[in-house]
Amino acid sequence: MIFVRNLLTLLSVLIVVFLSACSEEDVTQPPEIILDEHSVLAHEYLNHRFFKLDLPANSFSPLHDTPGRNTNSQFIEVESIRVFQLAEPGLAQPQDVPRIAVYQDSTGVFWDGANSPDANFSEPYIYGPVWRQVDFELLLNVMGDFIAIDMGQEMSDESVLAVTYQVVDSGNNFLFKVGDRPGFDEDSRIQLPNEGDDLYYRLKLLKAPVNQIEVRSFYYVLRNIYSIGFQNIDSDYFEMNIFPMGPGLPGIATDEQGISYLRIFGLDQTDNLDLPEPDGLVDLNYSGLDLARGLLKYPLDFPHPFSAGEQAYTSHADDPNFVWDETYLQLYQSPQLYDPWVNPTEYASYSFFRMEFKARTSSE
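Starting afresh in each chain, residues are numbered from 1 along the sequence in its written order. Reporting of local features is limited, given that this is a predicted model, to residues whose pLDDT is at least 70; pairs of side-chain atoms are given and counted only at 80 or more, and all residues count toward the totals for whole chains, interfaces and linings. Side-chain metrics rest on all non-hydrogen atoms present in the structure, leaving aside hydrogens and water.

A. Summary view of the sheet that holds strand S6 (residues 137-140). Strand order in the open sheet formed by three strands is S2-S7-S6, and the pairing between neighbours is antiparallel. Bordering the open sheet on either side are strand S2 (50-51) and S6, each of which pairs with just one other strand. Each pair of strands is called paired provided DSSP finds at least two bridges between the two strands. Labels follow the DSSP assignment, with helices taken as runs of H or I lasting at least four residues and strands as runs of E lasting at least two, numbered in each case from the N terminus.

Following this line, the structure appears as structure tokens:
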């Protein structure tokens, strides 16, 4: 019995010593997750990067083509799209094309579509001796339908772009072309006054120099897409908020009624279970949030997100407490950011909101 009592005493001492030692050891804490931060102002959309190719009638554009492409039965054949940039003098490159004349297109069907008005090709908007074919990607909606082309970078203010493409029906049957396709439509080339015997392809104007105000092509540009500042973002570590920037504001991401600006701008429509209950967080399943490429695209019915007007904001807020009159949002709309007669150098003066992003990239 004495042996057993001694053994139990020894075991008790060892247990106490072990527990004491464990309590003195440092408990390993998980590493703190530090998110990178990036701010973007309302005027800092990706200008001259994303281009629509025409302006069919819709409720979101202030300018429409006449007669315009019927979007229910006429579709741009994406495989036929070719974009050319007026080249600076210098060494020739394999994708260079000689002599292109470029024309403004108020019809949306150029000269080959039904009901297309007569065109006068003797006076192009601009023409030049050398044009360079440029690459682009496609911007599609969630259904895979064509929205615009993505040049992959913001084109310079001075750059000039021309485009040609074909239009097909729902069965992919050819309907008409918009512009000549270099290398194929040789017989369509024309002579220009005072240019001798040189022949020119006829293409559609896609982008004019900023200092040569051309209203129609101005509205080809999508002005509701922003860079998040990071790419390959881990969706588990991404945050976004929208803040007003006016003097004396409390710096919170809600309006005067406490409704999140994310919700008002259409970026918070569901909770983390995808139920239609805004939760104050940006919707990670929102199709306009491209975390891989680091892009934020406002909803298509927000082509001018910071000058969308009462009806658009009311619809997205979807809250009986939402108030428009005499609120910061109503008083600080920014139509100047989407006005062809306002030079981009002036945009910063009309930037009344900022977007703040916090992110961790998957490569970290």
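This is not the end of the story, as more comes after the structure.
B. Summary view of the nonpolar core. Formed by 69 residues in total, the largest nonpolar core has its most connected members in Phe238, Met240, Ile242, Phe265, Leu296, Tyr298 and Met355. Throughout, a contact is declared for two residues whenever any of their heavy atoms are within 4.5 Å. Those residues within four positions of isoleucine 242 in sequence are excluded, and the remaining contacts are Ala253, Tyr261, Leu262, Phe265, Leu267, Tyr298, Phe353, Arg354 and Met355. Counting 12 residues, the second-largest nonpolar core is a separate cluster that includes Ile100, Val102, Trp131 and Tyr201. Take the buried residues of types Ala, Val, Leu, Ile, Met, Phe, Trp, Tyr and Cys, join any two whose side-chain atoms come within 4.5 Å, and each joined set is a nonpolar core. For each residue, the accessible area found with a 1.4 Å probe, counting protein chains only, is set against the maximum for its type, and the residue is called buried under 20%, exposed over 50%, and partly exposed in between.

C. Structural view of unusual backbone geometry. Residue proline 67 is bonded to the preceding threonine 66 through a cis peptide linkage, with omega at 10°. Looking at the element boundaries, proline 67 is found in the loop between S2 and strand S3 (75-86). The backbone phi angle of histidine 48 is positive, close to 60°, even though this residue is not glycine. Residue histidine 48 is classed as buried on the basis of its relative accessible area, which comes to 7%. Not every positive phi belongs to a glycine, and arginine 99 is a case in point at roughly 60°. Locating arginine 99 in the fold gives a position in strand S4 (residues 96-103).

D. Molecular detail of the sheet that holds strand S1 (residues 36-41). The three strands lie next to each other as S1-S15-S12, forming an open sheet whose pairing is antiparallel. The sheet is open, and its two borders are formed by S1 and strand S12 (233-244), each paired with just one other strand. Strand-to-strand twist in this sheet, taken as the mean axis angle between neighbours without regard to direction, amounts to 20°. Two elements, S12 and strand S15 (residues 353-361), share eight bridges in a ladder whose sense is antiparallel. Bridge pairing in S15 places asparagine 241 opposite glutamate 356. Angles run from 0 to 180 degrees between N-to-C directions of axes, and those axes are lines fitted to C-alpha atoms, restricted for helices to the stretch in contact.

From the geometry alone we can't say anything about function, so treat these as descriptive.
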